[in-house]
Amino acid sequence: MTTDGDGHRVDLDATASGYAVVVQAGRDATVAVHQGDRPRVAWPVRVGVPPSPADHHQDRRAYALLVDALASGRAAMVVGAPQRAGVVVSGMGGVGKSQLAARHAWSVWADPVVDMAVWVSALSRDAIVTTYADAATRVLVQQDPQIADRPPEQAAIRFREWLASTSRRWLIVLDDVQDPAHLRGLDPPPSASGQVVVTSRRRDTAAGRGGHRVIELDVFTRDEAVTYLAQALADTTDGGDQDRLADLAEELGWLPLALSQASAYLGDQPLLTITAYRSMLADRRRTLAELTPPEHALPEHQRTIAATWSLSIDRADHVEIPNRPRGAGLARPLLEVAALLDPNGVPVDLFTAQPVLDHLTTLARRRVDHDDVNDGLTRLHRFNLITLTPDRPAKAVAVHALVQRAVRDSLSPDHLHTLAHTTADTLLAIWPDVDTVHPDLGQALRSNTTTLHTHTTPALLTPALHDVLERAGKSLGGSGQVHAAITYWHNLYGHINSQLGPDHPDTLITRSKLAYWRGAAGDQAGAVAVLEALLADRLRVFGPDHPDTLITRGKLAYWRGAAGDPGSAVAGFEALLTDHLRVMGPDHPDTLDTRSKLASWRGSAGDQAGAVAGFEALLADRLRVFGPDHPDTLNTRGSLAYWRGEEGDPGSAVAGLEALVTDQLRVLGPDHPDTLNTRVSLAYRRGEADDPGSAVAELEALLSDRLRVLGPDHPDSLHTRIDLAYWRVKAGDPGSAVAELEALLADRLRVLGPDHPDTLITRGILAHSRGEAGDPVGAVAGFKALLPDHLRVMGPDHPITLSTRANLARWRGEAGDPGSAVAGLEALLADHLRVLGPDHPSTMITRNKLTHWQDMVKRNFN
């Protein structure tokens, strides 16, 4: 048991069983088996929804260029992609890039001849992957019925491969690409049957994409702007005055978005003339800070855009709207919240969560409720300040980035700081405990948190690191993106270090989080190195008896054990327990936790009897201190049952776990992680008690629950698949295990990388299963390829490295070479004696195996 970067306790115990095949106890999952008819694709398929067509649409030359490029597909082609139809539309925000792409998309949407059309709001790589994965579940379900259960990155890659190989007609629109790097490996491939449209504010989006024709979309021409305003204001007194319309268009910088909002304001004010409106713009021009151009250089007329939006916000706030009186005065405060978040979409529940309602109540000086907020959002939507898409609740409220910028620049530093914390509190309040169940929501919350931090730095770092930043990092790693989590915490550490200094408690906490995710990504040695340096700094800053110093010592002891040195883990926890008893007393939760970890590592170091004794004593104390239903007491019962099984008493372990599951169902519920983990242990112990069929049945049911509760990419779901494959082999079905392990290995390579311990363990169990399925030569090949990687990643004395050598020797013997088995086991026994000692269970198992193969050599010789 250890603590993660958030201080939560996590069981990460592992054990070796059978022929030293490593099984992760209590953290494991399987492949869902779908029965019945194979699902079929319902063509045509549409994924995503393009923006609604703008009113008073103008036929712009850029659209003709787009249609021409897509129709010919050859005019701007590079060698090697002669029939690719790709278009990149670039330009500043608000010029109509998305509308240009949407016009073409809508022309395709209702055309049944086009089999596949996808609209991707490409704000981040995460968003692109999520949409591609959704598309994959629609078009690949017939080829791959398990596609919906595959990790998003894998499904996205499968979808891209389908685009490259299919003869069906398709269209992909990647709207508002923020960074060309987000398309790496996801850029739609060259295809004679496909069309690609990309919109972006960055001109360099087209770099390296020679098959794309670049269309630079500018603001309206004079004629386009005047025609647009004449149509939009046809019912007003000035709608027919071409000169006044042209003056207004020039005042607004010819920007389509500004013209749309100005005409909406004028259209709602029948007595307001264009001349009077221009005077109001002049008066308001100084109320918002001038928009500073981003890297791609925005035109100077953005100042007038800000003034236009200021008028529209005030109008949305104060105009009397029939049946919408309750939202008066809330439009600006709601837009201020939205201005700090992801322009591509904010969960609608954020605006009605309690922190925002309290904030609005304070500003409005009246009680604000859910209906008031809905009215306020409707007002903003009416005045084209936001776009509401209720059918996409995770991203239901979208705001143009320039509107956001204008609003942010109007905020005082104190108000921005307060608003940042209110918004962060709200994101945390609506974040589900398990966000892998709704991956779209999890991705949206992470994206909004990142955007909030970017726009308000250093607000969320002062006076202390806000919990939402920790939650976002945990969500990212929990979704299976462990390497992305390392990058996240590394970047956050840089922000905190520069803002608060290296010795600030939050800076040190962030280093601890970084160590945890390095270890979770398979770099246990890296985690140890980070924690060793962190411990030295915490001793210097806080002293030896500070709780954070003691916590760091516990984490360091754990990762030393996980890196293959259980003896060091035992020594570390023994010394730590002495100090906990002195500083905190015998009944402090941290003292009891340290006793739990010490008992567990004693068992992992080969002293199963010591582990049992430790947990028996600990259970008595936790019952006395916490009572029978406390989670720590229940967890102690599970650990005690586990080590009783490891000591050779599977019947006692099964009885203990059966009673524990009953209590956990009553106290925690069926979907609680502890309940699910106990079911894993129970299945394992039933299998050990000569009932592998029951283990398989229980793990199949458990996998279904874990996929439902946690999602397919969660570490616990992946671990359960390992356990299920292992017990399929034990139940006499190694062929099914091989197929499941091959799929699991592909998932773990993508999620964790080739050097993560779980990836290496999967390779070992796959090789073992191939041997059990009647392919000992394949088993030898698998273990022979695996051993150098174990030596490189974990070192020669790591228990898993030693286990791999035992398996290689065994399968060489099974493949007809008992002499090689004897030689391998003789060398292994010498290392076991050196590393583990003569009485360690693994040493005794190796000695017995050596005797077996020596006897086989003698029989063959005779």
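Residues numbered from 1 in each chain as written. Predicted model: local features only at pLDDT ≥ 70, side-chain atom pairs only at ≥ 80, totals over all residues. Heavy atoms only, no water.

Novice: Where do I start with the overall build of the protein chain in this structure?
Specialist: Helices and strands together make up the secondary structure of the protein chain, namely 34 helices and 12 strands. A burial count over the protein chain gives 55% of its 862 residues as buried. Within the protein chain, counting contacts between residues at least 6 apart in sequence, those at least 24 apart form 69% of the total. (Helix = DSSP H or I, 4+ residues; strand = E, 2+ residues; numbered from the N terminus. Buried < 20%, exposed > 50% of the residue type's maximum accessible area, 1.4 Å probe, protein only. Contact = heavy atoms within 4.5 Å.)

Novice: Any chance you could explain the side chain of His359 here in plain terms?
Specialist: Take His359: it is sitting in helix α11 (residues 354–364). Exposure remark for His359: the relative accessible area of 10% places this residue in the buried category. Those residues in contact with His359 that sit more than four places away from it in its chain are His415, Leu419 and Thr422.

Novice: Which parts of the structure should I look at to understand helix α14 (residues 413–430)?
Specialist: Three or four residues apart is the spacing at which side chains of an α-helix point the same way, because the helix has 3.6 residues per turn. Look at α14: 26 Å from first C-alpha to last across 18 residues, which is about the 26 Å you get at 1.5 Å a residue. Listing the buried residues of α14 in full gives Leu419, Ala420, His421, Thr422, Thr423, Ala424, Thr426, Leu427 and Ile430. (Expected span 1.5 Å × (residues − 1).)

Novice: Explanation requested: the packing of helix α20 (residues 547–562) against helix α21 (residues 566–583) in the structure shown.
Specialist: If you want to describe how two helices pack, look at the angle between their axes and the distance between the axes. Running from N to C, α20 and α21 cross one another at 160 degrees; their axes reach a closest spacing of 7 Å. Accordingly, the angle class assigned to the pair α20 and α21 is roughly antiparallel. Regarding α20 and α21, the two cross each other, and that crossing is left-handed. Taking contact as the criterion, the partners of Leu550, Arg553, Gly554, Ala557, Tyr558, Arg560 and Gly561 in α20 are, on α21, Pro566, Ser568, Ala569, Gly572, Phe573, Ala575, Leu576, Asp579 and His580. Its residues assigned to classes, the contact of α20 with α21 shows eight nonpolar, five polar and three charged. (Axes fitted to C-alpha atoms, helices over the stretch in contact; angles between N-to-C directions. Parallel < 35°, antiparallel > 145°, perpendicular 65-115°, else oblique. Left-handed = near helix turned anticlockwise from the far one by under 90°. Nonpolar A, V, L, I, M, F, W, Y, C, P; charged D, E, K, R; others polar.)

Novice: Mind showing me how you'd approach the pattern of salt bridges here?
Specialist: Enumeration over the complete set of coordinates arrives at 48 salt bridges. Taking the shortest distance from any N to any O, the salt bridge between Arg511 and Asp537 comes out at 2.7 Å. Of the two residues, Arg511 is situated in helix α18 (residues 505–520) and Asp537 in helix α19 (residues 524–542); the sequence distance between them amounts to 26 residues. Take Arg511 and Asp537: they sit in the same class, and that class is buried. Of the charged contacts in the structure, one is a salt bridge between Arg728 and Glu700, with a shortest N-O distance of 2.9 Å. Placement of Arg728 in helix α28 (residues 715–730) and of Glu700 in helix α27 (residues 692–710) is noted, with a sequence separation of 28 residues between them. For Glu700, a relative accessible area of 35% puts it in the partly exposed group. (Salt bridge = Lys/Arg side-chain N within 4 Å of Asp/Glu carboxyl O.)

Novice: Honestly, the environment of Met856 in this entry has me stumped. Any pointers?
Specialist: With respect to the secondary-structure elements, Met856 resides in helix α34 (residues 841–861). Separated by 34 residues in sequence, Met856 and Val822 have C-alpha atoms that sit 9.4 Å apart.

Novice: What am I meant to see in the packing of aromatic side chains here?
Specialist: Between two aromatic rings, the relevant description is the distance of the centres plus the angle of the planes. Using the criterion set out here, one finds 12 aromatic pairs in the structure. Considering the side-chain rings of Phe159 and Trp162, the 6.1 Å spacing of their centres and the 15 degrees angle between planes classify their relative orientation as stacked. Linking Phe159 with Trp162, this pair stays in helix α4 (residues 152–165), spanning three residues, or about one helical turn. For Trp162, a relative accessible area of 7% translates into the label buried. Taking the centre distance of 4.8 Å and the plane angle of 80 degrees together, the rings of Tyr558 and Trp559 count as edge-to-face. For Trp559, a relative accessible area of 5% puts it in the buried group. Aromatic ring contacts, followed pair by pair, group Tyr516, Trp517, Tyr558, Trp559 and Trp601 into a single cluster. Between the NZ or CZ atom of Arg168 and the centre of the ring of Trp43, over which it lies, the distance is 3.9 Å. (Phe/Tyr/Trp six-rings, centres within 6.5 Å; stacked < 30°, edge-to-face > 60°. Lys NZ or Arg CZ within 6 Å of the ring centre and 35° of its normal.)

Novice: Explain unusual backbone geometry to me, please; I cannot follow it from the model alone.
Specialist: Outside of glycine, negative phi angles account for most residues, and trans bonds account for most peptide bonds. Geometrically, the link from Trp43 to Pro44 is a cis peptide bond, its omega value of -5 degrees lying close to zero. Following the sequence through the fold, Pro44 ends up in the loop between β4 (21–24) and β5 (45–47). Backbone torsion omega between Thr457 and Pro458 reads 10 degrees, so that peptide bond is classified as cis. Among the secondary structure elements, Pro458 is positioned in the loop between α15 (439–456) and α16 (467–478). You will see that Arg365, though not glycine, has its phi angle at about 55 degrees, which is positive. With respect to the helices and strands, Arg365 occurs in the loop between α11 and α12 (370–382). With a phi angle near 65 degrees, Asp690 is a residue other than glycine that sits in the positive phi range.

Novice: Before we go on, may I ask you to explain the nonpolar core in this structure?
Specialist: Most often, soluble globular proteins have nonpolar side chains that are buried together. Counting residues in hydrophobic clusters, the biggest one holds 80 residues, and the most contacted among them are Leu335, Leu350, Phe351 and Leu380. With near-sequence residues (within four places) excluded, Phe351 lies in contact with Leu334, Val337, Ala338, Val346, Val356, Leu357, Val373, Leu377 and Val397. Grouped together as the second largest cluster of nonpolar side chains are 30 residues, Val129, Trp162, Trp170 and Leu174 included. (Core = buried A, V, L, I, M, F, W, Y, C linked by side-chain atoms within 4.5 Å.)

Novice: Please clarify how the pairing of strand β9 (residues 194–200) should be interpreted in this entry.
Specialist: Of all seven residues making up β9, seven are buried, and the element is well covered by its neighbours. Neither face of β9 is open: one carries Gly194, Val196, Val198 and Ser200, the other Gln195, Val197 and Thr199, and all of them are buried.

Novice: It is not clear to me how the environment of Trp43 should be interpreted in this structure. Could you clarify?
Specialist: With respect to the helices and strands, Trp43 occurs in the loop between β4 and β5. For Trp43, a relative accessible area of 29% corresponds to the partly exposed category. In this structure the C-alpha to C-alpha distance between Trp43 and Arg138, which are 95 residues apart in sequence, comes to 9.3 Å. What Trp43 contacts, discounting residues up to four positions off in sequence, is Asp115, Val139, Trp162 and Arg168.

Novice: Please clarify how helix α31 (residues 776–794) should be interpreted in this entry.
Specialist: Its 19 residues give α31 an end-to-end C-alpha distance of 25 Å, which sits within 8% of 27 Å, the value for a rise of 1.5 Å per residue. Those residues of α31 that sit buried are Gly778, Ala779, Val780, Phe783, Leu786, Leu787, Asp789, His790 and Met794. Where α31 is buried, its residues touch α30 (757–772) and α32 (799–814). At the exit of α31 stands Gly795, carrying a positive phi of roughly 95 degrees.

Novice: How should the pairing of strand β7 (residues 116–121) be read in this particular structure?
Specialist: When a strand is regular, its side chains alternate between the sheet's two faces. In terms of residue burial, β7 counts as a mostly covered element, since six of its six residues are buried. Side chains Met116, Val118 and Val120 of β7 all project onto a buried face; the interleaved residues Ala117, Trp119 and Ser121 project onto the opposite face, where all are buried too. Bridge analysis of β5 against β7 gives three bridges, and the strand direction is parallel. Each bridged residue has a counterpart across the sheet, and for Val47 the counterpart in β7 is Val118. Where β7 meets strand β8 (residues 170–177), six bridges bridge the pair, whose relative direction is parallel. Each residue of the ladder has a partner; that of Met116, found in β8, is Trp170. (Pairing = 2+ DSSP bridges.)

Novice: Sorry, what's going on with the environment of Leu577 here?
Specialist: In this structure, Leu577 sits in helix α21. For Leu577, a relative accessible area of 15% puts it in the buried group. Between the alpha carbons of Leu577 and Thr591 there is a distance of 6.5 Å; along the sequence they are 14 residues apart. For Leu577, the residues in contact, after removing those within four places along its chain, are Thr591, Thr594, Arg595 and Leu598.

Novice: Just to check I follow, could you spell out the confidence of the model for the protein chain for this structure?
Specialist: Reading predicted coordinates in detail is not appropriate for stretches of low pLDDT. Scored by pLDDT, the protein chain comes out at a mean of 82, with 83% of its residues at no less than 70. pLDDT under 50 marks residues 73–86. Its contacts with residues more than four places away, or in other chains, come to 35 contacts. Overall, residues 88–93 carries pLDDT values under 50, and its contacts beyond four positions in sequence, including any with other chains, amount to 38 contacts. (pLDDT = per-residue confidence, 0-100.)

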